[in-house]
Amino acid sequence: DCSFQILKKCYHFEWIDEYVDRIQFEGYIDSSVAATWELNLGGVPPIAVENTGSSGGGAGRVVPMVMYARNAELHAESELTEELKKIMPRAKWCDTLICVPACNISTAMKAFKDLRISVGAENVYFEEKGAYTGEISADMLKDLGVKYVIVGHSERRQYFCETDTTVNKKVHAVLNAGMNPIICVGESLEQRELGVTMEHITYQVKCALAGVPAEQARKVVVAYEPLWAIGTGRTATAQQAGEVCEGIRTIIRKLYGAHVARSVTIQYGGSMNAKNAAELLAQPDVDGGLIGGASLKPADFVEIINAANQE
Ligand code: PGA
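This text gives an overview of the structure that appears in the document. Only a predicted model underlies this, so the values are computations on that prediction, with no experimental measurement involved.

**Points about the overall build of the protein**
- For the protein, the count of helices and strands is 15 helices and 8 strands.
- Residues classed as buried in the protein amount to 53% of the 311 residues present.
- Pairs at least 24 apart in sequence give 72% of the contacts found in the protein among residues at least 6 apart.
- Accessible surface computed for the protein: about 14100 Å², of which carbon and sulfur atoms make up 51%.

Okay, here's the thing in C-alpha coordinates:
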(Lines give C-alpha, C1' and ligand atoms only; values in the text may rest on other atoms or scores of the structure.)
Protein backbone atom coordinates (compact mmCIF):
# COMPACT_ATOMS: atom_id res chain seq x y z
CA ASP A 1 0.00 0.00 0.00
CA CYS A 2 0.94 3.63 -0.02
CA SER A 3 2.80 3.61 3.28
CA PHE A 4 4.79 0.58 2.24
CA GLN A 5 5.91 2.21 -0.99
CA ILE A 6 7.09 5.32 0.71
CA LEU A 7 9.01 3.37 3.29
CA LYS A 8 10.61 1.22 0.68
CA LYS A 9 11.82 4.27 -1.13
CA CYS A 10 12.98 5.91 2.06
CA TYR A 11 14.94 2.95 3.24
CA HIS A 12 17.70 3.72 0.81
CA PHE A 13 18.24 7.24 2.07
CA GLU A 14 21.42 7.71 3.88
CA TRP A 15 20.36 10.11 6.57
CA ILE A 16 17.34 9.97 8.78
CA ASP A 17 16.71 13.72 8.41
CA GLU A 18 16.01 13.28 4.76
CA TYR A 19 13.93 10.20 5.53
CA VAL A 20 11.78 12.13 7.97
CA ASP A 21 11.43 15.15 5.66
CA ARG A 22 10.27 12.97 2.81
CA ILE A 23 7.66 11.04 4.75
CA GLN A 24 6.30 14.21 6.23
CA PHE A 25 5.47 15.53 2.79
CA GLU A 26 4.64 12.33 0.99
CA GLY A 27 1.99 10.81 3.19
CA TYR A 28 1.01 9.15 6.40
CA ILE A 29 3.32 6.63 7.97
CA ASP A 30 2.89 5.17 11.36
CA SER A 31 6.05 4.46 13.30
CA SER A 32 4.82 0.97 14.17
CA VAL A 33 4.58 0.23 10.44
CA ALA A 34 8.08 1.59 10.03
CA ALA A 35 9.36 -0.56 12.86
CA THR A 36 7.83 -3.68 11.35
CA TRP A 37 9.39 -2.88 8.02
CA GLU A 38 12.76 -2.24 9.56
CA LEU A 39 12.67 -5.47 11.50
CA ASN A 40 11.61 -7.47 8.49
CA LEU A 41 14.64 -6.19 6.69
CA GLY A 42 16.81 -7.30 9.55
CA GLY A 43 17.98 -3.81 10.25
CA VAL A 44 16.94 -0.27 10.91
CA PRO A 45 17.48 2.91 8.98
CA PRO A 46 20.84 4.48 9.78
CA ILE A 47 19.87 6.47 12.81
CA ALA A 48 22.85 7.43 14.90
CA VAL A 49 22.09 7.14 18.59
CA GLU A 50 24.83 8.19 20.87
CA ASN A 51 24.55 7.85 24.59
CA THR A 52 27.20 10.30 25.53
CA GLY A 53 26.20 10.71 29.12
CA SER A 54 23.60 12.93 30.70
CA SER A 55 23.37 16.43 29.42
CA GLY A 56 22.83 17.61 32.94
CA GLY A 57 19.08 17.48 33.25
CA GLY A 58 16.35 19.70 31.93
CA ALA A 59 14.91 23.01 32.79
CA GLY A 60 14.77 22.22 36.49
CA ARG A 61 11.01 22.37 36.40
CA VAL A 62 8.95 19.36 37.17
CA VAL A 63 5.58 19.03 35.59
CA PRO A 64 3.54 16.20 37.04
CA MET A 65 0.33 15.87 35.19
CA VAL A 66 -2.96 14.24 35.49
CA MET A 67 -5.32 13.17 32.79
CA TYR A 68 -9.01 12.91 33.44
CA ALA A 69 -9.91 10.72 30.56
CA ARG A 70 -12.60 9.08 32.62
CA ASN A 71 -15.20 10.40 35.02
CA ALA A 72 -13.23 12.03 37.79
CA GLU A 73 -14.80 14.92 39.62
CA LEU A 74 -13.15 18.23 38.97
CA HIS A 75 -15.47 20.74 40.53
CA ALA A 76 -14.31 23.12 43.24
CA GLU A 77 -15.50 20.95 46.16
CA SER A 78 -14.34 17.56 44.92
CA GLU A 79 -12.09 15.41 47.09
CA LEU A 80 -9.16 15.91 44.74
CA THR A 81 -9.55 19.67 44.74
CA GLU A 82 -9.74 19.70 48.55
CA GLU A 83 -6.62 17.55 48.87
CA LEU A 84 -4.72 19.66 46.39
CA LYS A 85 -5.69 22.81 48.26
CA LYS A 86 -3.86 21.45 51.29
CA ILE A 87 -0.63 20.76 49.48
CA MET A 88 -0.28 23.24 46.66
CA PRO A 89 0.81 26.29 48.68
CA ARG A 90 3.84 24.28 49.78
CA ALA A 91 4.81 23.32 46.23
CA LYS A 92 7.80 25.58 45.65
CA TRP A 93 9.02 24.82 42.20
CA CYS A 94 6.93 22.00 40.89
CA ASP A 95 4.54 23.03 38.10
CA THR A 96 1.35 21.05 38.10
CA LEU A 97 -0.89 20.73 35.10
CA ILE A 98 -4.17 18.92 34.84
CA CYS A 99 -5.12 17.86 31.34
CA VAL A 100 -8.80 17.26 30.75
CA PRO A 101 -11.16 16.58 27.86
CA ALA A 102 -12.12 19.79 26.05
CA CYS A 103 -15.63 19.91 27.52
CA ASN A 104 -14.19 20.02 31.07
CA ILE A 105 -11.59 22.72 30.54
CA SER A 106 -13.65 25.66 31.77
CA THR A 107 -14.89 23.80 34.88
CA ALA A 108 -11.37 22.66 35.73
CA MET A 109 -10.00 26.16 35.30
CA LYS A 110 -12.54 27.52 37.77
CA ALA A 111 -11.86 24.70 40.25
CA PHE A 112 -8.10 25.11 40.20
CA LYS A 113 -7.68 28.80 39.63
CA ASP A 114 -6.42 29.56 43.13
CA LEU A 115 -4.22 26.49 43.38
CA ARG A 116 -1.48 27.37 40.92
CA ILE A 117 -2.52 24.39 38.83
CA SER A 118 -2.73 24.94 35.09
CA VAL A 119 -5.30 23.22 32.95
CA GLY A 120 -4.34 21.63 29.65
CA ALA A 121 -6.05 19.73 26.86
CA GLU A 122 -5.74 16.06 25.93
CA ASN A 123 -6.06 16.49 22.19
CA VAL A 124 -6.32 19.05 19.39
CA TYR A 125 -7.08 19.09 15.69
CA PHE A 126 -4.29 20.35 13.45
CA GLU A 127 -6.22 22.43 10.91
CA GLU A 128 -6.54 26.09 11.77
CA LYS A 129 -10.01 26.46 10.27
CA GLY A 130 -12.39 24.75 7.86
CA ALA A 131 -15.34 22.38 7.79
CA TYR A 132 -14.26 19.74 10.33
CA THR A 133 -17.42 19.24 12.34
CA GLY A 134 -16.76 18.38 15.94
CA GLU A 135 -13.02 19.03 15.89
CA ILE A 136 -11.34 21.52 18.19
CA SER A 137 -8.58 23.73 16.83
CA ALA A 138 -5.54 25.03 18.64
CA ASP A 139 -6.94 28.57 18.58
CA MET A 140 -10.16 27.38 20.21
CA LEU A 141 -8.13 25.85 23.05
CA LYS A 142 -5.99 28.93 23.33
CA ASP A 143 -9.10 31.11 23.64
CA LEU A 144 -10.08 29.02 26.67
CA GLY A 145 -6.75 29.86 28.31
CA VAL A 146 -5.03 26.54 27.65
CA LYS A 147 -1.21 26.54 27.54
CA TYR A 148 -0.37 22.83 27.21
CA VAL A 149 -1.85 20.23 24.90
CA ILE A 150 -1.07 16.50 24.93
CA VAL A 151 -0.26 15.29 21.42
CA GLY A 152 0.08 11.69 20.26
CA HIS A 153 -0.89 9.89 23.44
CA SER A 154 -0.60 6.16 22.77
CA GLU A 155 -4.35 5.72 23.09
CA ARG A 156 -4.87 8.30 20.37
CA ARG A 157 -2.33 6.52 18.21
CA GLN A 158 -3.90 3.14 18.91
CA TYR A 159 -7.63 3.88 18.76
CA PHE A 160 -7.90 7.04 16.66
CA CYS A 161 -5.43 6.41 13.84
CA GLU A 162 -3.04 9.10 14.99
CA THR A 163 0.19 8.73 13.02
CA ASP A 164 3.62 10.32 13.26
CA THR A 165 2.53 12.64 10.48
CA THR A 166 -0.61 13.84 12.25
CA VAL A 167 1.38 14.17 15.48
CA ASN A 168 3.82 16.43 13.60
CA LYS A 169 0.95 18.53 12.24
CA LYS A 170 -0.55 18.86 15.70
CA VAL A 171 2.79 19.88 17.18
CA HIS A 172 3.02 22.67 14.59
CA ALA A 173 -0.58 23.74 15.22
CA VAL A 174 -0.06 23.92 18.99
CA LEU A 175 3.24 25.81 18.72
CA ASN A 176 1.91 28.21 16.09
CA ALA A 177 -0.96 29.04 18.42
CA GLY A 178 1.60 29.93 21.10
CA MET A 179 0.97 26.89 23.31
CA ASN A 180 3.22 24.02 24.43
CA PRO A 181 2.75 20.51 23.05
CA ILE A 182 3.35 17.51 25.31
CA ILE A 183 4.50 14.95 22.78
CA CYS A 184 4.02 11.32 23.86
CA VAL A 185 6.42 8.71 22.55
CA GLY A 186 7.05 5.14 23.61
CA GLU A 187 7.99 1.68 22.47
CA SER A 188 5.92 -1.49 22.55
CA LEU A 189 6.98 -4.48 24.63
CA GLU A 190 7.98 -6.28 21.45
CA GLN A 191 10.23 -3.42 20.39
CA ARG A 192 11.88 -3.32 23.81
CA GLU A 193 12.50 -7.05 23.74
CA LEU A 194 13.96 -6.83 20.24
CA GLY A 195 16.35 -4.14 21.39
CA VAL A 196 15.07 -1.32 19.12
CA THR A 197 13.68 1.01 21.78
CA MET A 198 15.94 3.97 21.06
CA GLU A 199 15.59 3.59 17.30
CA HIS A 200 11.82 3.75 17.66
CA ILE A 201 11.91 6.69 20.08
CA THR A 202 14.36 8.55 17.82
CA TYR A 203 12.05 8.02 14.89
CA GLN A 204 9.01 9.28 16.80
CA VAL A 205 10.78 12.34 18.23
CA LYS A 206 12.28 13.32 14.88
CA CYS A 207 8.95 12.90 13.11
CA ALA A 208 7.13 14.93 15.77
CA LEU A 209 9.67 17.78 15.54
CA ALA A 210 10.19 17.79 11.76
CA GLY A 211 10.12 21.39 10.56
CA VAL A 212 9.95 22.87 14.06
CA PRO A 213 12.45 25.73 14.44
CA ALA A 214 14.70 26.01 17.50
CA GLU A 215 12.85 28.97 19.02
CA GLN A 216 9.67 26.88 19.11
CA ALA A 217 11.37 23.60 20.02
CA ARG A 218 12.38 24.97 23.41
CA LYS A 219 8.69 25.07 24.40
CA VAL A 220 8.17 21.39 23.79
CA VAL A 221 7.57 18.77 26.47
CA VAL A 222 8.34 15.17 25.56
CA ALA A 223 6.68 12.42 27.58
CA TYR A 224 8.36 9.05 27.41
CA GLU A 225 5.58 6.52 27.90
CA PRO A 226 6.50 2.90 27.20
CA LEU A 227 3.31 1.30 25.89
CA TRP A 228 3.76 -1.74 28.10
CA ALA A 229 3.70 0.46 31.21
CA ILE A 230 0.61 2.57 30.53
CA GLY A 231 -2.30 1.57 32.74
CA THR A 232 -0.77 -1.86 33.34
CA GLY A 233 0.71 -1.37 36.80
CA ARG A 234 4.03 -2.38 35.28
CA THR A 235 6.46 0.53 35.57
CA ALA A 236 9.74 1.00 33.77
CA THR A 237 12.62 0.77 36.20
CA ALA A 238 14.20 4.07 37.12
CA GLN A 239 17.21 3.04 35.07
CA GLN A 240 15.13 2.26 31.96
CA ALA A 241 13.21 5.53 32.27
CA GLY A 242 16.43 7.46 32.90
CA GLU A 243 18.21 5.93 29.90
CA VAL A 244 15.45 6.69 27.44
CA CYS A 245 14.87 10.21 28.76
CA GLU A 246 18.60 10.85 28.49
CA GLY A 247 18.47 9.48 24.94
CA ILE A 248 15.61 11.87 24.11
CA ARG A 249 17.63 14.84 25.36
CA THR A 250 20.56 13.68 23.24
CA ILE A 251 18.33 13.59 20.14
CA ILE A 252 17.12 17.12 20.87
CA ARG A 253 20.66 18.32 21.49
CA LYS A 254 21.74 16.94 18.14
CA LEU A 255 18.81 18.59 16.41
CA TYR A 256 18.89 21.96 18.16
CA GLY A 257 21.98 22.25 20.36
CA ALA A 258 22.57 22.12 24.10
CA HIS A 259 20.64 25.26 25.00
CA VAL A 260 17.34 24.00 23.57
CA ALA A 261 18.00 20.51 24.95
CA ARG A 262 18.21 22.01 28.43
CA SER A 263 14.98 23.99 27.96
CA VAL A 264 12.91 21.02 26.92
CA THR A 265 11.03 19.23 29.68
CA ILE A 266 11.18 15.45 29.50
CA GLN A 267 8.74 13.37 31.48
CA TYR A 268 8.21 9.76 32.27
CA GLY A 269 4.69 8.29 32.15
CA GLY A 270 3.41 4.75 32.67
CA SER A 271 2.10 3.56 36.03
CA MET A 272 3.92 6.28 37.94
CA ASN A 273 2.50 6.22 41.44
CA ALA A 274 3.05 7.39 44.98
CA LYS A 275 5.54 4.60 45.67
CA ASN A 276 7.78 4.82 42.60
CA ALA A 277 7.59 8.54 41.77
CA ALA A 278 10.56 9.66 43.88
CA GLU A 279 12.93 7.13 42.35
CA LEU A 280 11.80 7.85 38.79
CA LEU A 281 11.97 11.61 39.27
CA ALA A 282 15.44 11.33 40.78
CA GLN A 283 16.83 10.38 37.37
CA PRO A 284 18.78 13.36 35.99
CA ASP A 285 16.87 13.55 32.71
CA VAL A 286 13.40 12.80 34.11
CA ASP A 287 12.03 16.30 34.68
CA GLY A 288 8.49 15.28 35.51
CA GLY A 289 5.72 12.75 35.17
CA LEU A 290 2.64 12.15 33.07
CA ILE A 291 0.26 10.45 35.42
CA GLY A 292 -2.95 8.66 34.59
CA GLY A 293 -4.36 6.15 37.09
CA ALA A 294 -2.65 7.48 40.21
CA SER A 295 -4.03 10.94 39.52
CA LEU A 296 -7.51 9.66 40.21
CA LYS A 297 -6.56 8.98 43.83
CA PRO A 298 -6.11 12.38 45.44
CA ALA A 299 -3.79 11.22 48.23
CA ASP A 300 -1.51 9.45 45.75
CA PHE A 301 -1.38 12.36 43.39
CA VAL A 302 -0.52 14.71 46.23
CA GLU A 303 2.25 12.35 47.27
CA ILE A 304 3.65 12.40 43.74
CA ILE A 305 3.66 16.19 43.81
CA ASN A 306 5.51 16.00 47.11
CA ALA A 307 8.06 13.64 45.56
CA ALA A 308 8.52 16.11 42.70
CA ASN A 309 9.26 18.83 45.21
CA GLN A 310 12.18 17.00 46.77
CA GLU A 311 15.34 18.46 45.43
P1 PGA B 1 -1.00 5.45 33.87
O2 PGA B 1 -1.40 6.32 32.56
O3 PGA B 1 -0.28 6.38 34.80
O4 PGA B 1 -2.32 5.00 34.39
O5 PGA B 1 -0.14 4.35 33.40
C6 PGA B 1 -0.45 7.08 31.93
C7 PGA B 1 -1.04 7.66 30.71
O8 PGA B 1 -2.21 7.33 30.36
O9 PGA B 1 -0.40 8.46 30.04
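What follows continues from the structure just given.
**Description of the pattern of salt bridges**
- On inspection of all chains with the given rule, the structure shows 6 salt bridges.
- Measuring nitrogen to oxygen at the nearest pair gives 2.9 Å for the salt bridge that ties R249 to D287. Residue R249 is found in helix α12 (residues 238-256), and its partner D287 is found in the loop between α14 (277-281) and β8 (288-291); the two are separated by 38 residues along the sequence. Assigned by exposure class, R249 and D287 land together as buried.

**With respect to a negative patch on the surface**
- Taken together, the side chains of E127, E128, D139 and D143 present a region of like negative charge at the surface.
- Considering the arrangement of structural elements, one finds E127 in the loop between β3 (117-121) and α6 (138-143).
- A relative accessible area of 31% places E127 in the partly exposed class.

**Let's talk about the packing of helix α4 (residues 79-87) against helix α15 (residues 298-308)**
- Relative orientation of the contacting elements α4 and α15 amounts to 30 degrees, with a least axis distance of 9 Å. The orientation of α4 relative to α15 falls into the category roughly parallel. In terms of crossing hand, the pair formed by α4 and α15 is right-handed. Between α4, through E79, L80, E83, L84 and I87, and α15, the contact on the second element is made entirely by P298, F301, V302, I305 and N306.
- Tallied by class, the residues present in the contact of α4 with α15 amount to 7 nonpolar, 1 polar and 2 charged.

**Points about the environment of G186**
- Residue position: G186 is located in the loop between β5 (180-185) and α9 (189-194).
- Classification of G186 by relative accessible area gives buried; the value is 4%.
- G186 sits 32 residues away from S154 along the chain, and the two C-alpha atoms are 7.8 Å apart.
- Sequence-distant contacts of G186, that is, excluding residues within four places in its chain, are made with H200, I201, Q204, Y224, E225, P226 and L227.

**A closer look at unusual backbone geometry**
- Unusually for a residue other than glycine, C161 sits at a positive phi of about 55 degrees.
- Structurally, C161 can be placed in the loop between α7 (154-159) and α8 (164-176).
- Using a relative accessible area of 65% as the deciding quantity, one classes C161 as exposed.
- One non-glycine residue with positive phi stands out, namely S271, at about 55 degrees.
- Taking relative accessible area as the criterion, S271 reaches 17% and is therefore assigned buried.

**Some details on α4**
- Buried residues of α4: L80, T81, L84 and I87, and no others. The arc that holds the buried residues of α4, viewed along the axis, is 125 degrees, so those residues lie on one side. Facing away from the buried surface of α4 by more than 90 degrees, the exposed residues are E79 and K86.
- Packing partners of the buried residues in α4 comprise β2 (96-100), α5 (105-112), β3 and α15.

**Some words on the packing of aromatic side chains**
- Summed over all chains, the structure comprises 3 aromatic pairs.
- Taking the centre distance of 5.1 Å and the plane angle of 55 degrees together, the rings of Y125 and Y132 count as tilted.
- A relative accessible area of 18% means that Y125 is categorised as buried.
- An aromatic cluster of at least three residues, connected via ring pairs, comprises Y125, F126 and Y132.
- Just above the ring of F160 sits the side chain of R156; from NZ or CZ to the centre is 4.3 Å.

**Comments concerning the site of the ligand**
- Taken together, 11 residues sit near the ligand, with H153, E225, G231, S271 and G293 positioned nearest.
- S271 has a polar backbone atom sitting 2.7 Å from an oxygen atom of the ligand.
- If the ligand stood free it would expose 280 Å²; the protein chains cover 95% of that surface.
- Residue composition of the shell around the ligand, by class: 4 nonpolar, 6 polar and 1 charged.

**Digging into the pairing of β5**
- Counting buried residues in β5 gives 6 out of 6 residues, a clear majority hidden from the surface.
- Neither face of β5 is exposed, since N180, I182 and C184 on one face and P181, I183 and V185 on the opposite face are all buried.
- One ladder, built from 4 bridges, connects strand β4 (residues 148-151) with β5; its direction is parallel. Looking across to β5, one finds that I150 is bridged to I182.
- As defined by bridge partners, β5 adjoins strand β6 (residues 221-224) across 4 bridges and the pair is classed as parallel. Across the sheet, I183 pairs through a bridge with V222, a residue of β6.

The rules behind each value
Residues numbered from 1 in each chain as written. Predicted model: local features only at pLDDT ≥ 70, side-chain atom pairs only at ≥ 80, totals over all residues. Heavy atoms only, no water. Helix = DSSP H or I, 4+ residues; strand = E, 2+ residues; numbered from the N terminus. Buried < 20%, exposed > 50% of the residue type's maximum accessible area, 1.4 Å probe, protein only. Contact = heavy atoms within 4.5 Å. Areas by Shrake-Rupley, 256 points an atom, 1.4 Å probe, with all protein chains shown as cover. Salt bridge = Lys/Arg side-chain N within 4 Å of Asp/Glu carboxyl O. Patch = residues over 30% accessible without salt bridge, like charges linked within 9 Å, V, L, I, M, F, W, Y side chains within 5 Å. Lys, Arg positive; Asp, Glu negative; His and termini not counted. Charge placed at Lys NZ, Arg CZ, Asp CG, Glu CD. Axes fitted to C-alpha atoms, helices over the stretch in contact; angles between N-to-C directions. Parallel < 35°, antiparallel > 145°, perpendicular 65-115°, else oblique. Left-handed = near helix turned anticlockwise from the far one by under 90°. Nonpolar A, V, L, I, M, F, W, Y, C, P; charged D, E, K, R; others polar. Arc of directions from axis to C-beta. Phe/Tyr/Trp six-rings, centres within 6.5 Å; stacked < 30°, edge-to-face > 60°. Lys NZ or Arg CZ within 6 Å of the ring centre and 35° of its normal. Near = heavy atom within 4 Å. Polar contact = N/O pair within 3.5 Å; in protein donor to acceptor, adjacent residues only side chain to side chain. Pairing = 2+ DSSP bridges.

The analysis is restricted to geometry; functional conclusions fall outside its scope.
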